[in-house]
Every structure is written in C-alpha cells, then in structure tokens.
Amino acid sequence: MGKLEEYKRKRRFDRTPEPSGAPEPVAGKVQDKPSPSAKRTRLPKPKLPQLEVRPGAEHGDTFVVQKHRATRLHYDFRLAIDGTLKSWAVPKGPSQSHADKRLAVMTEDHPLDYGNFEGKIPEGNYGAGTVMVWDRGTFHLEGNLDALKQLEKGEIKFSLNGEKLWGSFVLVKLKQSEKGNEWLMIKHKDAAEDSSWNIDEHDRSALTGRTIEEIKEELPPKRQPIPIQAAEVQSARKGPMPSRVEPMLATLADRPFSDPHWLFEIKWDGVRALARIENGALTLRSRNGVDIAQRYPELASLPETLAAREAILDGEIVALDAQGHSNFERLQERMHVRAPSENLVAQIPVVYFAFDLLYCDGYDLREAPLLERKQLLERLLFTTERFRYADHQLEQGKELFALAEQNGLEGIVAKRADSPYVSDRSPHWVKLKITMTVDAVVGGWTEARTSALPFGSMLLGLYHGKTLRFIGHVGSGFDAKKLKELSSRLKELSASTCPFDAVPETNEKPWWVSPTLVARVKFSGWTEEHSLRHPVFLALREDARSTDCANGCASAT
Ligand code: MN
C-alpha cells in the first residue's frame, strides 16, 4: 500500500482545501479543482516553499505541529521521515514538561506539503474544522538507528528546534495498546524542560500569528512566514563557503529613532567575532583577522549548537556581570589570554551573542534581507547559557533605547531590516550610544597649565564603604562663569590632606578639598582601572550628599 493511500482514501480533494498529496504537479493539468465553495473559504495563501526532506538528516529535517479543532480539539504532531509526514494525534498537545506524558495516537502518513496547511476543512469532510500550523521547525534524530528502524522498534528519540517546542523528546509505543497505535510523547529532562508549561499560553500560529478563532474567521495573517532552511531565504545564492569575510561595521548616530524599515538590537560591548563552522570545526575570526577560538574554549561546542553543517555567523563575545549586562572590563581579563586556565574560564565565562548568519549549508546569504537572515539564525541556533541569539525589536527604536537607558546598558544598534551584509562600514547599521552620568564627590583640583584659568580639572571619587576611591579628573564642560563659581567654592573647602584612599597621579599640582561637593559628570564608560572614560562636567548637585556617592550609583541618561 502506498504511503499516502489512506490519507487520500479519507479525503475528497474537490471538497477540501487540504493538499492532495499528488506525487508531481503535471504541467498544464489542474491537480485539485476546489469547488466554488472551497475556493471561497481559502485564505490569501502565504507564499511558502514546499517542505523538503533532504538525504542525510544531520542538519535537521522538518517537524510540524498542527492544532486541529475538529469534533475534538487535538494537536497533530508530524515528523518528516522517508518522504512523508509521520503523524500522531496528541489530544492534550505536546508538553515541554517532563511530568506530562502525553498520549499520541499514530494516524495515517500525510504528504509533506500538509505541513504548510492552515485553514478550514469544510463541514462534511474528514476532519472538518480549523487547522493551525501551531509549531514548525527542524528535528535531529537521537540514537544510532535511523528513523524508520526506531519507528519499527516503537521508540523514536529526537530533539526539536521549533518556535514553541525545543529540546529532547521521545515517542514510545505502548505495548498494551489494543489497536497498536497508541504512543506516549515525553519530554526529556534537559535545559529546555519547563515544568510550568501550559499549552494554552501558546495559542498562536507559528506560520501566521493567528489564533484558531482568527483562522476560522479567515482574518489575514499577522506576520510573514519565516524561513526554516537556507534555501527558503529570499536572495539566498547557492555557492561555496567564502574563504574570508570582513565584518560589516556600523556608523555612529546621536539620536535614537523609530522606523518601520529598521530593526533594533541591544549593543553588546565585547569582542566582535565571525564564527566559521566547517566539518564540525570552529574558527572565531576577530576584527583584525586573528583566529581567537583557542582563547575561548567554552565556545568550542558552537558547531553542535547550530543546526547546520557549514555556517558563518556574526556575533559578539561578551562577559556578563551579575545583572546580565556586558562588562568590557571583565572581558579584558580574558581577551588577551591565549590559553586560559580552567579556573579563569570558570571565573569569567564568556557568552557568544550571534546576531547574523552570512552562510549556511551551501547558501551564501549575504545578499538576503537582514531580517530573513536573522529569522533563519534564530531557527537554527539552539540557544543555551553559552550561545544566545541577539534578538531585536522591530520599528520601535526609541522605545528600545529608553529601555536600554533604564537598564543601564551601553546603547543600541539600529539595522535596516532589508539590508544585505556588506564587508564595510555601512549607513545601514547605526550605533546609538547611551551616555552615562555619575554623581561623584569632588576631592580636589589641579592647577591649570595657564594662569589665565583658576584651575585645570576637578578630582573625582566614589565611596567604597568609608573610603573615597579616585575615579578620574574632569577637565571639560566648564564655561568662564562655571569656572569662576567652582573656583570660589573649591577654595572655601580647601583642606590640607588628601581625601582619597590613595594619592592620585596627576599631571599638574593637586590641591585637596574637604569632600562635600557633588558633581554630575557624563562619561562614555569605565576604563580597566575603573576610571571615567571621557568625562564632561555637567553641574554641581546641590541636592545630593557626598556620602551617598557610592560605587555602583552611575546611571545612564
Ligand atoms: Mn487532526
């Protein structure tokens, strides 16, 4: 019996919009003639490529879960195996929780393009009701046997990389099953396991963003379908892996903006690295072309974390602080160490934030629109503690900038959503930096190089407990009026001893004051020695107490 015979026997393709499972579309011949009523019920069909099964499933074949509101609501779980969709009806739906062992009733094989079907099956037809593409992605087989052998044995193990389902699962056939078609679907315990899983919190189509009710009402799709394979990406070019790619660089802008043609990412402050995966091996190419993979042994598992055999990713290696912010000072303790000890790796582990995909399994994606490259990357990367997908906000740059400010982040990057990847500085990538401010204690001043000025700079510090630690000197941001005012305030407070825990090194002669004045200063970041980078004086904070100026009070504005 042909694999799809049962599927075809159950359906009348002149009465349902479901795919007919015809072997090959024959030119000039209409395969399925929808009745006028079926035609009317059809959605404006999203342009979707056919699902395909490729030989050698090492980089993941397709899986689909369809939410099917028929006589009874259920979820149809389907794996693309041996040219068809092997299918199970899961009454309660799949679960990310190990505790839920879901009954899965094996049903007839479905044609591959059924995986793209979302819409209504008219009354009177088999399975009449509404179908949603609830989840879609790729799966990897686990275990040594091939898929058909595992099915035959009644136990198939696989890991999923979908929008909703991910991580390792098993389907086990129940031996006591009378009809021989009852299986259990179980989530293995792994990083993806979620004991608080509630399927009702995941009620939108992975294909069109619609709820089952919105599909029933035939409302238009809420989003464009997402590519799941390199070949599906618009403008993907078949070709060999480029031997060397220079990174695309951003230009600097000073004002955040919102624009429907742009997407916005958090700016991670670390070391830029193009990751190249080839035959299971990884190279990490820095901006100056050096392979720095050996410096970051914890990133060596990237090839196993990406559902692709060959790929070039763009991203940033960062060290995170306790708040999850990238911390460049922390990373500096790693970036020059060629062979870090296990201890150092444990103390300052790094994370790779992948934000672009330039090449994937035989396809050069550099001409493709950024948004599609990112969507494919998100699909292919199994995110873990070590490897993160740098997500973005569409259109709302001002909002993301404000959020970044509130969270004390360094800035954001704006990228034109349809832009190709160019190995050059580009106006299509724009850095938007948040300036930081700090309220610091004035502990002294230095003489000016010229006698025309009352002082050269103010010496600043922050309290660590009771000790005042020097954080740098600010010598700009003063006009003539401010200089005069400040100079008289400083002279009133003059003191004979240095208020800092250690006498700071200064170019000009220092004078000390009693540490009561508070200065608000803007600056661009911290140096390795925890000094202010590019500080500029803004104002005296008459409302602030100097003893409140403690380390960690720096804020972004
Ligand atoms: Mn069904």
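Residues numbered from 1 in each chain as written. Predicted model: local features only at pLDDT ≥ 70, side-chain atom pairs only at ≥ 80, totals over all residues. Heavy atoms only, no water.

### Points about helix α8 (residues 370-380)
Piece 1. Most of α8 sits out of view: 9 of its 11 residues are buried.
Piece 2. For α8, every residue scored as buried is listed here: L370, E372, R373, K374, Q375, L376, L377, R379 and L380. (Buried < 20%, exposed > 50% of the residue type's maximum accessible area, 1.4 Å probe, protein only. Helix = DSSP H or I, 4+ residues; strand = E, 2+ residues; numbered from the N terminus.)

### Concerning the coordination of the manganese ion
Piece 1. At 2.1 to 2.3 Å from the manganese ion lie its protein donor atoms, namely H68 (ND1), H74 (NE2) and D76 (OD).
Piece 2. Each donor residue of the manganese ion belongs to the same chain, and together they define the spacing H-x5-H-x1-D. As far as burial versus exposure is concerned, H68 and D76 are alike and both buried. (Donors = N, O, S within 2.8 Å, 3.2 Å for Na, K, Ca; no water.)

### Notes on the packing of aromatic side chains
The relative placement of two aromatic rings is captured by the distance of their centres and the angle of their planes.
Piece 1. Tallied over the full model, the rule gives 22 aromatic pairs.
Piece 2. The interplanar angle of 35 degrees and the centroid separation of 6.2 Å between the aromatic rings of F63 and F77 together place this pair among those described as tilted. In this pair, F63 is assigned in strand β1 (residues 61-69) and F77 in strand β2 (residues 73-81), connecting sequence segments 14 residues apart.
Piece 3. You can call F63 buried: its relative accessible area is 0%.
Piece 4. Aromatic ring contacts, followed pair by pair, group F63, F77, W88, F139, F158, F169 and W183 into a single cluster.
Piece 5. Between K164 and the ring centre of W134, over which it is positioned, the NZ or CZ distance is 5.2 Å.
Piece 6. K509 extends its terminal NZ or CZ atom over the ring of W511, reaching a point 4.6 Å from the ring centre. (Phe/Tyr/Trp six-rings, centres within 6.5 Å; stacked < 30°, edge-to-face > 60°. Lys NZ or Arg CZ within 6 Å of the ring centre and 35° of its normal.)

### Concerning the pattern of salt bridges
Piece 1. Per the stated rule, a full pass over the model turns up 30 salt bridges.
Piece 2. D109 is the salt-bridge partner of K86, the closest N and O atoms lying 3.1 Å from each other. Of the two residues, K86 is situated in strand β3 (residues 84-90) and D109 in strand β4 (residues 101-110); the sequence distance between them amounts to 23 residues.
Piece 3. Residue E214 is joined to R204 by a salt bridge in which the shortest nitrogen-to-oxygen separation is 3.2 Å. Of the two residues, E214 is situated in helix α4 (residues 212-216) and R204 in the loop between β9 (182-187) and α4; the sequence distance between them amounts to 10 residues.
Piece 4. Residue class for E214 comes out buried when judged on its relative accessible area of 13%.
Piece 5. According to the relative accessible area criterion, R204 is partly exposed, its value standing at 36%.
Piece 6. Sharing partners across several salt bridges, the network here consists of E6, K10, R11, E18 and E108. (Salt bridge = Lys/Arg side-chain N within 4 Å of Asp/Glu carboxyl O.)

### A short note on helix α6 (residues 328-335)
Piece 1. Those residues of α6 lying buried are F328, L331, Q332, R334 and M335. Buried residues along α6 cover an arc of 165 degrees about the axis, so they all sit on one side.
Piece 2. Buried-residue contacts for α6 involve β13 (271-278), β15 (311-319), α7 (342-347), β16 (350-360) and β29 (532-533). (Arc of directions from axis to C-beta. Contact = heavy atoms within 4.5 Å.)

### Overview of the confidence of the model for the chain
Piece 1. Counting all residues, the mean pLDDT for the chain is 86, and 91% of those residues have values of 70 or more.
Piece 2. Within the chain, the lowest mean pLDDT, 29, falls on helix α2 (residues 36-40), and the highest, 97, falls on β9.
Piece 3. Confidence drops under a pLDDT of 50 for residues 24-59, and excluding neighbours within four residues, the segment shows 57 contacts in the predicted structure. (pLDDT = per-residue confidence, 0-100.)

### Here we look at the side chain of R102
Piece 1. By the element assignment, R102 lies in strand β4.
Piece 2. The class of R102 is buried, set by a relative accessible area of 15%.
Piece 3. Among all residues touching R102, those that are not within four sequence positions of it are V90, K92, G93, P94, S95, W183, L184 and M185.

### Considerations on the sheet that holds strand β11 (residues 249-253)
Piece 1. Read across the sheet, 5 strands follow the order β11-β21-β20-β12-β19 without closing on themselves; strand pairing throughout is mixed. Because the sheet does not close on itself, it has two edges, and the strands there are β11 and β19 (392-394). Strand-to-strand twist in this sheet, taken as the mean axis angle between neighbours without regard to direction, amounts to 35 degrees. (Pairing = 2+ DSSP bridges. Axes fitted to C-alpha atoms, helices over the stretch in contact; angles between N-to-C directions.)

### Topic: unusual backbone geometry
Piece 1. For S235, which is not glycine, the phi dihedral falls at a positive 65 degrees.
Piece 2. Relative to the elements of secondary structure, S235 occurs in the loop between α4 and β10 (237-238).
Piece 3. By relative accessible area, S235 is classed as partly exposed at 40%.
Piece 4. The backbone of H530 sits at a positive phi, close to 60 degrees, despite the residue not being glycine.
Piece 5. Along the chain, H530 falls in the loop between β28 (525-526) and β29.
Piece 6. You can call H530 partly exposed: its relative accessible area is 30%.

### Regarding the state of the cysteines
In a disulfide, the sulfur atoms of two cysteines are held together by a covalent bond.
Piece 1. A full pass over the atoms with the stated rule returns 0 disulfides.
Piece 2. In this model C498 remains outside any disulfide bridge; the closest cysteine sulfur is found in C549, 17 Å from its own.
Piece 3. A relative accessible area of 3% means that C549 is categorised as buried. (Disulfide = S-S within 2.5 Å.)

### Overview of the pairing of strand β26 (residues 510-513)
Piece 1. Inspection of the sheet shows strand β22 (residues 436-446) paired to β26 by 3 bridges, in the antiparallel sense. Across the sheet, the residue bridging to G444 is W512, located in β26.

### Thoughts on the pairing of strand β20 (residues 411-416)
Piece 1. Within β20, 5 of the 6 residues are buried, which leaves it mostly tucked inside the rest of the structure.
Piece 2. Strand direction decides the pairing type here: strand β12 (residues 262-266) and β20, joined by 5 bridges, are antiparallel. Across the sheet, the residue bridging to W262 is R416, located in β20.
Piece 3. As defined by bridge partners, β20 adjoins strand β21 (residues 425-433) across 5 bridges and the pair is classed as antiparallel. Bridge pairing in β21 links A414 to V430.

### Examining the environment of N288
Piece 1. Relative to the helices and strands, N288 resides in the loop between β14 (281-285) and α5 (302-305).
Piece 2. Note: C-alpha distance between N288 and R272 (16 residues apart in sequence) is 9.8 Å.
Piece 3. Reaching out from N288, the side chain makes a polar contact with the side chain of S286 at a distance of 2.4 Å. (Polar contact = N/O pair within 3.5 Å; in protein donor to acceptor, adjacent residues only side chain to side chain.)

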